[in-house]
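Topology and contacts: notes
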Amino acid sequence: MVPIVTLTINPALDVTVPVDKVVSGPKLRCGAPRLDPGGGGINVSRVLHRLGVPTIALYAVGGLTGGRLRALIDQEGFAHRPIAVAGETRESFTAQERNTGRQYRFVLPGPELSANEWQGLLETTIELAEKTDLAVASGSLPPGVPDDFYARLAAALDERGVRLILDSSGPGLATTLARAHVHLVKPKINESVELAGEELAWPEGQADWASRLIAQGRSDIVLVTHGADGALVVTGDRRVRIKPPAMQVQSAVGAGDSFTGGLCAGLVRGQSVIEASALGMAAAAATLLAPGTELCHPQDVERLRPEIEILDL
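We now turn to the structure provided with this report. Quick caveat, the model's predicted, so the values are computed rather than measured.

**Describing the overall build of the protein chain**
Along its length, the protein chain carries ten helices and 14 strands. At 19 Å, the protein chain has a C-alpha radius of gyration in line with the 20 Å of a compact globule built from 313 residues. Its C-alpha atoms give the protein chain principal-axis dimensions of roughly 55 × 45 × 40 Å. Taken across its 313 residues, the protein chain has 55% of its residues classed as buried. The contacts of the protein chain with a sequence gap of at least 6 include a subset with a gap of at least 24, amounting to 67%. Element-wise, carbon and sulfur atoms account for 50% of the exposed surface of the protein chain, whose accessible area totals about 13,200 Å². Between the mean site of the 29 positive side-chain charges and the mean site of the 36 negative ones, the protein chain shows a separation of 4 Å.

**Topic: the sheet that holds strand 6 (residues 90-97)**
Reading across from one edge, 3-2-6-7 is the order of the four strands in this open sheet, with mixed pairing throughout. Each end of this open sheet is capped by a strand with a single partner; those strands are strand 3 (34-38) and strand 7 (103-107). Direction aside, neighbouring strands of the sheet carry axes that sit 20 degrees apart on average. In this sheet, strand 6 lies alongside strand 2 (residues 12-19) in parallel orientation, the contact comprising eight bridges. Paired with Asp 14 across the two strands is Ser 92, which belongs to strand 6. Along the sheet, helix 2 (residues 63-76) contacts strand 2, strand 3 and strand 6; its crossing angle with strand 3, the most-contacted strand, is approximately 85 degrees.

**Comments concerning the nonpolar core**
Counting 45 residues, the largest nonpolar core has Phe 149, Tyr 150 and Leu 153 as the members making the most contacts within it. When residues in this core are grouped by element, the largest group, seven residues, is from helix 4 (residues 149-159). In contact with Phe 149, not counting residues within four places along its chain, are Leu 7, Ile 9, Trp 118, Leu 122 and Leu 141. The next biggest cluster of nonpolar side chains, apart from the first, holds 39 residues, and it includes Leu 263, Ala 276, Met 281 and Val 301.

**Things to note about the environment of Gly 236**
Of note, Gly 236 is situated in the loop between strand 12 (231-234) and strand 13 (239-243). A C-alpha to C-alpha distance of 9.6 Å links Gly 236 and Ser 219, two positions 17 residues apart in sequence.

**As for the packing of helix 4 against helix 5 (residues 170-179)**
A pair of packed helices is captured by two measures, namely the crossing angle of their axes and the spacing between those axes. At their nearest, the axes of helix 4 and helix 5 sit 7 Å apart, and the two run at 40 degrees to each other. Regarding the angle of helix 4 to helix 5, the classification is oblique. Two packed elements cross with a definite hand, and for helix 4 against helix 5 that hand is right-handed. Of the residues in helix 5, those touching helix 4 at Tyr 150, Ala 151 and Ala 154 are Gly 172, Thr 175, Thr 176 and Arg 179.

**Looking at helix 2**
A rise of 1.5 Å per residue sets the reference length of helix 2, with its 14 residues, at 20 Å; its end C-alpha atoms lie 20 Å apart and thus fit the reference within 8%. Buried within helix 2 are the following residues: Thr 65, Gly 66, Leu 69, Leu 72, Ile 73 and Glu 76. Taken around the axis of helix 2, the buried residues stretch over an arc of 120 degrees, which confines them to a single face. Exposed side chains of helix 2 directed beyond 90 degrees from the buried face belong to Leu 64 and Gln 75. Looking at the packing, one finds that the buried side of helix 2 touches strand 2, strand 3, helix 1 (40-50), strand 4 (55-61), strand 5 (79-84) and strand 6. A positive phi of about 95 degrees marks Gly 77, the residue just after helix 2.

**Some words on the sheet that holds strand 1 (residues 4-8)**
An order of 5-4-1-8-9-10-11-12-13-14 is seen for the ten strands of this open sheet, with the pairing classed as mixed. Each edge of the open sheet carries a strand with a single partner, namely strand 5 and strand 14 (309-312). Between one strand axis and the next, the sheet turns through 20 degrees on average, direction left out of account. Against the sheet, helix 2 touches strand 4 and strand 5, its axis set at about 170 degrees to strand 4. Strands strand 1, strand 4, strand 5 and strand 8 (134-138) of the sheet are contacted by helix 3 (residues 115-129), whose axis makes an angle of about 175 degrees with strand 4.

**Comments concerning the environment of Pro 142**
Assignment of secondary structure puts Pro 142 in the loop between strand 8 and helix 4. For the pair Pro 142 and Leu 108, spaced 34 residues apart in sequence, the C-alpha to C-alpha distance is 9.8 Å. The contacts of Pro 142, once residues within four sequence positions are left out, are Ile 9, Asn 10, Pro 109, Pro 111 and Leu 113.

Scoring rules and cut-offs
- Residues numbered from 1 in each chain as written.
- Predicted model: local features only at pLDDT ≥ 70, side-chain atom pairs only at ≥ 80, totals over all residues.
- Heavy atoms only, no water.
- Helix = DSSP H or I, 4+ residues; strand = E, 2+ residues; numbered from the N terminus.
- Rg over C-alpha atoms; globule rule 2.2 N^0.38 Å.
- Buried < 20%, exposed > 50% of the residue type's maximum accessible area, 1.4 Å probe, protein only.
- Contact = heavy atoms within 4.5 Å.
- Areas by Shrake-Rupley, 256 points an atom, 1.4 Å probe, with all protein chains shown as cover.
- Lys, Arg positive; Asp, Glu negative; His and termini not counted.
- Charge placed at Lys NZ, Arg CZ, Asp CG, Glu CD.
- Pairing = 2+ DSSP bridges.
- Axes fitted to C-alpha atoms, helices over the stretch in contact; angles between N-to-C directions.
- Core = buried A, V, L, I, M, F, W, Y, C linked by side-chain atoms within 4.5 Å.
- Parallel < 35°, antiparallel > 145°, perpendicular 65-115°, else oblique.
- Left-handed = near helix turned anticlockwise from the far one by under 90°.
- Expected span 1.5 Å × (residues − 1).
- Arc of directions from axis to C-beta.

Below is the structure:
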């Protein structure tokens, strides 16, 4: 297989700590922290590597936190291409209550990138992606990066026949869908409502919106995720719901990225987007069983895949 290229323009060092209870005022005595490399594309590459699919992760990195991030990715064992930036790589902090399992997630904005830095990331991504037919851009845009960054990437990859999967939010996602064509876009349900500018009933209203997006030529496939209710996959000729099994959640951190990783693994193995989405759902469900930001284990993905339902609308 040709490696899948992933881009994380705003990565993070993920820090997860156990705590008895989160309250305001007193000092909260935490347990030993767990550290993992984080950020959308990096997590996608972590899952791809665990599922036996070659990948190369491209990401911006800077400062002492960035050095720790690079070291953790080295330990994961997949190919990666760090691009140095002047600012300090951000941290994302999660506190999880021991008794309730509730998670409190604190996400920092990331360093501001200069024009030279983000343009260098764009050019390097295009250069690497020319050698494959599938690329993933995942995560938020940090300060300093223009809203049309992903739109520029999508247009360049489209010209080269490279399929782009986009998993982002906010102005970066909206601008891309307004100006460019993306092979597959993967918004969460709140993001699709924001893009539509109106409430959308689940799943029929969401499916109608997705079909309109496809008819406008903005995407070939729209995949809307909705937590425990599963996901909606809409193509030009089919609409399906992908439903996970009921399960006890250990941690929801990274489940969406795991979905994308499993989806990509299925696609490069020749599966239809429906079957690949079911594999993605199994990867997401397997991640819910792992602590903190551990992500899925292959044996759990394999065990859960038969329990994923595919339902036509």
